[in-house]
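# Residue-level structural notes
Spelled out, the chains give:
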Amino acid sequence: MAHRLYRGPGLGVASEEAVSESAVVSREPATQAGQWLVRVARGSEGQVYGPFDEAEIATREGEVIAALEGEGFVQTPNGELLQRLAGASAKDRALAALRLGWRGAEEAIPRLIALTESPGEELCSVLDALGMIGNESAIAAVRPFAARKLLSRRRSAVEALIRLEDHETLAAVRDREHARLPLNVQEALAGEDGAAIADAVLSAEAKKRGVSLDVLYERNEAHCTAAVRRAVLKLDLTHPSIWRYAKSVFKRSMLRGDAKTFGLFAYRCERAGITGGAVHTVKSGYDGKSRPMPILSRKTSNKMRSAGWRYLRDVAQWRPEAYTLFASEVLLHYRDSDGIKPERRAGAFADCFYFNRILYGNGDRLEVDWRSLRHRFKNAQSVHPSGSREEPFAELWDSTPRPFLRLATRARHLEVQRFALAGLVRHPEVLHEATVEALLRLLNVPLPTAAPLVVAELERRFDPRAPDWSLVEILLGRDEEPVIELLIRWLDETRDQWCPVPERVARFLESKAVSVQRRVAAWVNEAPYPEGSAVPLMELLRAKLSGPESTEGSSAAIASVLAGALRSTLLAHTDLEFDLALIADGSPTVQALGGALLAERDGAYAALGIVRLVALADHSIVNVRRAALHLIRTHPDAWRQAPAPLFAVAESSWSDSRELAFELLRTEVDLEALGLDAAVRLCDSGTEAVRTFGREMLVRHFVAGVLDPDEVLFRLAEHPDRDMWRFTLELLENHLRPGLVPLARIERFFTGVLFDLWPRRDLKTRTLAFLEARALSDGNQADHVARILGRIVRTRTVSDFERVAQTLQRIQHAFPDVQTEMPPA
Amino acid sequence: MEMEFKYSGRSAVVTGLGDTRMALATNTLREAVFFGGELTRPLPVRQALEALHRVVVSDLKYTPKDREAFRAWLAEQDRKFLRTLGLKNEALRRELEEKEVRLDALNALRSEARAPFTQARREYFERIYTDAYELDYVLDPVVTVHPDEISFEAFSIDESSYARVAAKYDCFSGIDGFECGTTNIDFSDRLHGEFSRLRSYRSTRLDVGASAVSVATESHAPVREKRIQLPETWLQGFMQVHSVMTLGLRKIRLAPIDVFNICRFLRRHRAKTSPRALRWQLRPGERTVVFVEPWDARIELSPASVYDGPKEETIRTWGRDRLQVLEPLLADAERIELYLAGHGLPLVVTVDMDLVVFTLALSGWTDNDWTGQSRFSLLSRRIDVKAEPLTAVYHALREKRYATLDELTSALDRDREEIRSCLSALCQAGRAMVDLAGGVYRHRDLLLTPFSAKAVLAEQKRLEEDSDPNAKAARQTVAAGHARITSRRPVKTGFKITGSVRGTDNERVRPLLHVDPEGLILDATCTCKFFRTHRLTKGPCEHVLALRLIHMDRLGKGE
């Protein structure tokens, strides 16, 4: 076993005697058995002490070490890194400094400070390390760099000072940098509203937006940070004046340990760079010449992503408790739409570097091409998940599982949600601390494991014997299926406790889920409501009916309770005016309630009168119609002798009203009371059902022989609907009196049928046959028929033409004096 | 452009046992127009309003067939097929088939059980749809009360058909009073159904006016408002119709049976291939013959259709299905006149039902709306109109309400052709209309904005500049000196001109032009590609217009 000792911090760095910067003390067996030597190696030199007995070797070795410590050597695990701080390579020094920073090695502070005195390329890393170590003795060394013009040095210095809590310098920096902000952003800052500041940044001059981001983030104020996060969502990172500062904010977020900003910028930079960035003409930092330069090229993007992943690994190593937080903040920005068309072994999300690293970095299904940072499946079978855990640092996810909840509720990528839910299944205790809102958000995750988790947790929190009504109140505002089921179960279990309380009933009847409303209404309607509480509940529900419905049908349950358990109470405490007001001004549900009440309201008929009831019989709400029809039916005196109201009801647009009117007209009204005008009016209706009934009435009249056939036929002949023509023709054939006058009065019927573009063949044939028969009966009719047929004889419909021509020929033959338009040759 | 309508209630037809009251609510946002009278001949009015309604709701523009249901069915068949594809076990296959049959039976049962619900839902949606359709799409007709007639004008939704119903006051008895003017009337589908209940054996009263509805229904009517997004082309189209009527149209008389034969043939035959035109063969002194393409079916019209034009012509017109809106009028029609503007150009039909006249104007073809492609204004007279005579003619016509050209000429003591040009401009601005059947010009302010001659002229100029590239190109060609007249011969009807024009495409072509003394293009041909492709269906080509510009310039110089 060897002891390595390093020259202590007080001895300076990079001396010419760098070879003796360290010493190694080791023991080795002497040539004599049981004897040991103590060897000290210092650079190229060496010294051997001994031999010593086995019993005293430890003491002697301790003395040698003590002697070396007396020379200024120390034993430290960071010794090698301290040594590297004195190395010749700036890169080496920078890496060592960062490593020491992560380790929080306070013994390195003097050397790091010494490095700031003669700044080289490693300066930024040295400043970062000083910040990370967090010892205020470094403030004086860091402070001058916070005023530098060079962004990278200023950034490192300011971020270090933030960690060192040098408020005085930071205030000075803020004041100085404030002037760099556009005026509108400066004004918005006064309001301390993140959204307003973000809007101001977005509306600022294009080239000022990037610098605004950096300056705002540098201020390290909550509203400024919120503004930066908000604004970056809408900015094009491939714009040269934005990219530079976006990169800066990303670096700052790492130095500051700001997981949210880190996650957002990591994701946004990856998405912006994945397309290869853009080419802009910019001034070169090397020679000051403007030339087209790629901005956020694939190469740059890859460097950024590598840096981000290195940072995550460092966090896992040095701040293991924070790793899951940082990783989840990156993951939750991915969304399903980030996928591209899969190509060979590259899946849809092959270019989502952080996504694959964080979720599958420890699995063996994917292999990463470190040059392009693209993840490919190893083979075709690898496409399917293996079932084992593939995320790196699985032990950290298990030791700090809280971010699973945030991931599950906020992530927008199905795989991320699946990963988070799997974590929650392993660590259900995370849900114990979750708010109800967070739990309910989980229900939106489209995975089957989500709902049982939430329901189980909610069940755990609810005790039916002592219900948590505030929890119920929250659930009343939800309409997810599992919540509804749960809520209905809870309400069922606690019915005895809430049913007698009017306020609770009223509230539950307004649940967002219609099925809950219905169940509540059904439970309340199961038995008459307790007398003492009925009136208060009725008043509460009445008040709720007065305004417009939030959504259509949302008052259905309330109306159901009012029409059910509270009907008698409502009838006793309201009057007809109330019913009519409901019908006139209410929503359809409320109108239905009004109808239900109206049907049972005493004196409704006397107050309304038959005219208003007829109008209500055509109402679009079935309950209202039913009430009106009920009142009409139960008051036959109003229509038995003068059935005009029934005719009006018969022409209702609603079949139930029509059917009732038909029934009453058929069975309750005398045929003579009907009259010709009424029957013809029914036939004139625009509704086929009414016309059918009208035809039935007319036939009854004909059978009874109470009508003048000529008058009826004259009226029917003017009907424009085809379905009436056949009926009319049948009546004509059987009832039209002989002679010219009756025939001439209905001439329009014949022209209508003959000029119909959609004729029924038999109808036309029968019409022509009828006309022929009438024409052949006497000369006057023959002349009249010849004139009618003369208009149609030039038809191109062959069958019609032949029939018309034949008829005309027969007329000509029977009455040679009659002038006919003979068919064309 | 948003057209706003506000009515004090809905128009209604209240049919009692012995009388009918038609109450047409007018737009209260427009001038107060009213009319009230007893209709003595309700049947022709009923039929004419039925035809008008068909025009109002007609939309014959091509819309692709909705194949969603078919695709869903196809996908279901695919799924079924794929389900059976993997089954190699015959017993399993049979079992699956049995289950499919069982499933179909259950589905049928479910459909049967849900039939009342489905029916009720369908009726509900139809009701909603009808209301929404009327409120958002159906353009209410324009009603104009004249001193001698009341007329209703409407334009179809597809902007390709225009219809006008004019009822002379002789078919009213006991007119209570009227106030001349123009407004809109509320015209719903339900109202159309009620119109069909008009009968001659019931006394029928027609009331048009803002308060007509409450009088008819004896109740306070709720205000009904409609807002319809109207394309600007719709309004222009309305005006272009009357611009077309001022063109030199070929007139043919038809018998109702002629229209019946054409419509019946079209209804019984569905053309699946182009061309789908009607070819009118006009031979002086002979009956007109119509050929229905693509079958070339020959329909010789009745003897009334003898053509009395000067020369033989064959004119093809498209969008023939739109003629079927005339069907309700055939039984009552006493005289039908057809006016043809030319090949692929609009046609106008007037159906006289004795005191009730129905005018139908159809654009060149269904997709060719009145403004989209046809530049009829370019065909119309070109003598420059000045603001002062335009104002004089407008006020004279407004005072008389309707007048013939001769009456206006003698009343204003101005040049007859100048007045014709002014009337043409007024028609294009929606301030006047042509009554083809009556042979008169009528005053009709389509818009509520006050008349301003300058505004009318400016709008015309803007339309010419904006809407027609040919007119612009013609002016450029003339300005560049690339057009010249080779011969210009005065004839009885005006001038026949030939010329040589190098157009904007740098090709020299030879246009031939026949114009009347005021520059109205009676006929034109050209050797250019535009004319070969479109003839005059999209207006004259730039070369013809350039030739006319030079001619009008010479006319102006008194040459």
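Residues numbered from 1 in each chain as written. Chains lettered and ligands numbered in written order. Predicted model: local features only at pLDDT ≥ 70, side-chain atom pairs only at ≥ 80, totals over all residues. Heavy atoms only, no water.

### Side note on the overall build of chain A
When you go through chain A residue by residue, the secondary structure sums to 46 helices and 9 strands. Of the contacts formed within chain A by residues at least 6 apart in sequence, a portion of 61% connects residues at least 24 apart. Here chain A displays about 37,800 Å² of accessible surface, and carbon together with sulfur accounts for 51% of that area. (Helix = DSSP H or I, 4+ residues; strand = E, 2+ residues; numbered from the N terminus. Contact = heavy atoms within 4.5 Å. Areas by Shrake-Rupley, 256 points an atom, 1.4 Å probe, with all protein chains shown as cover.)

### Topic: the overall build of chain B
Assigned secondary structure in chain B consists of 16 helices and 27 strands. Evaluated residue by residue, chain B yields a buried proportion of 53% over its 559 residues. Counting contacts in chain B only where the partners sit at least 6 residues apart, residues at least 24 apart contribute 70% of the total. Accessible surface, chain B: about 25,200 Å² in total, of which carbon and sulfur atoms supply 52%. (Buried < 20%, exposed > 50% of the residue type's maximum accessible area, 1.4 Å probe, protein only.)

### Comments concerning the sheet that holds strand β2 (residues 22-29) of chain A
All names here are of chain A. In spatial order, the strands read β4-β3-β2-β1-β5; together these 5 strands make up an open sheet with antiparallel pairing. Edge positions in the sheet fall to β4 (45-53) and β5 (73-74), since each of these pairs with one other strand and no more. Where strand β3 (residues 35-42) meets β4, 7 bridges bridge the pair, whose relative direction is antiparallel. Paired with glutamine 35 across the bridge in β4 is aspartate 53. Against the sheet, helix α1 (residues 57-70) touches β1 (2-7), β2, β3, β4 and β5, its axis set at about 165 degrees to β2. (Pairing = 2+ DSSP bridges. Axes fitted to C-alpha atoms, helices over the stretch in contact; angles between N-to-C directions.)

### As for a nonpolar patch on the surface
On the surface, B:Phe70, B:Trp73 and B:Leu74 cluster together into a nonpolar patch covering about 330 Å² of accessible area. Tracing the chain through its elements places B:Phe70 in helix α2 (residues 68-85). (Patch = residues over 30% accessible without salt bridge, like charges linked within 9 Å, V, L, I, M, F, W, Y side chains within 5 Å. Salt bridge = Lys/Arg side-chain N within 4 Å of Asp/Glu carboxyl O.)

### Points about the nonpolar core
Residues A:Leu698, B:Ile150 and B:Phe358 are the most contacted members of the largest nonpolar core, which totals 148 residues. A:Leu237, A:Phe355, A:Val520 and A:Leu566 belong to the second largest nonpolar core, which has 140 residues in total. (Core = buried A, V, L, I, M, F, W, Y, C linked by side-chain atoms within 4.5 Å.)

### Structural notes on the interface of chain A and chain B
Size of an interface, as often reported, equals the accessible area lost when the parts are brought together. Between chain A and chain B, the contact holds 31 residues from the first and 33 residues from the second. When the area that chain A buries against chain B is broken down by residue, the three leading residues are A:Arg748, A:Leu757 and A:Arg796, summing to 25%. With a closest N to O distance of 2.7 Å, A:Arg748 and B:Asp332 form a salt bridge. For the pair chain A and chain B, the interface holds 18 residue pairs in polar contact (both at pLDDT 80 or more). Residues belonging to the side of chain A that touches chain B are distributed by class as follows: 11 nonpolar, 6 polar and 14 charged. (Buried area = accessible area lost by both parts, 1.4 Å probe. Polar contact = N/O pair within 3.5 Å; in protein donor to acceptor, adjacent residues only side chain to side chain. Nonpolar A, V, L, I, M, F, W, Y, C, P; charged D, E, K, R; others polar.)

### What to know about the packing of aromatic side chains
For the coordinates displayed, the defined rule picks out 34 aromatic pairs over all chains. With centroids separated by 5.7 Å and ring planes inclined at 85 degrees, the aromatic side chains of A:Phe755 and B:Phe260 adopt a geometry described as edge-to-face. Placement of A:Phe755 in the loop between α43 (747-754) and α44 (761-775) and of B:Phe260 in helix α8 (residues 256-268) is noted, with the two residues assigned to different chains. You'll find A:Phe755 and B:Phe260 in the same group, each marked buried. Seen from their ring centres, B:Phe155 and B:Tyr162 are 6.4 Å apart, and the 65 degrees between their planes marks the pair as edge-to-face. For B:Phe155, a relative accessible area of 1% puts it in the buried group. Within the aromatic cluster, the residues linked to one another by ring pairs are A:Trp102, A:Phe250, A:Phe262, A:Tyr311 and A:Phe326. (Phe/Tyr/Trp six-rings, centres within 6.5 Å; stacked < 30°, edge-to-face > 60°.)

### Considering the pairing of strand β18 (residues 347-352) of chain B
Each regular strand shows side chains that alternate between the opposite faces of the sheet. All names here are of chain B. With 6 of its 6 residues buried, β18 lies for the most part within the structure. A two-sided burial pattern is seen for β18, the buried positions comprising Leu347, Val349 and Val351 on one face and Val348, Thr350 and Asp352 on the other. Alignment of strand β17 (residues 335-340) against β18, held across 6 bridges, turns out to be antiparallel. Pairing of glutamate 337 across the sheet is with threonine 350, part of β18. In terms of strand pairing, β18 meets strand β19 (residues 356-362) through 6 bridges, oriented antiparallel. Considered in β19, the bridge of valine 349 is made with leucine 360. Between β18 and β19, which pair antiparallel and follow one another directly, the connecting turn spans 3 residues, one of which, aspartate 354, has a positive phi of 60 degrees.

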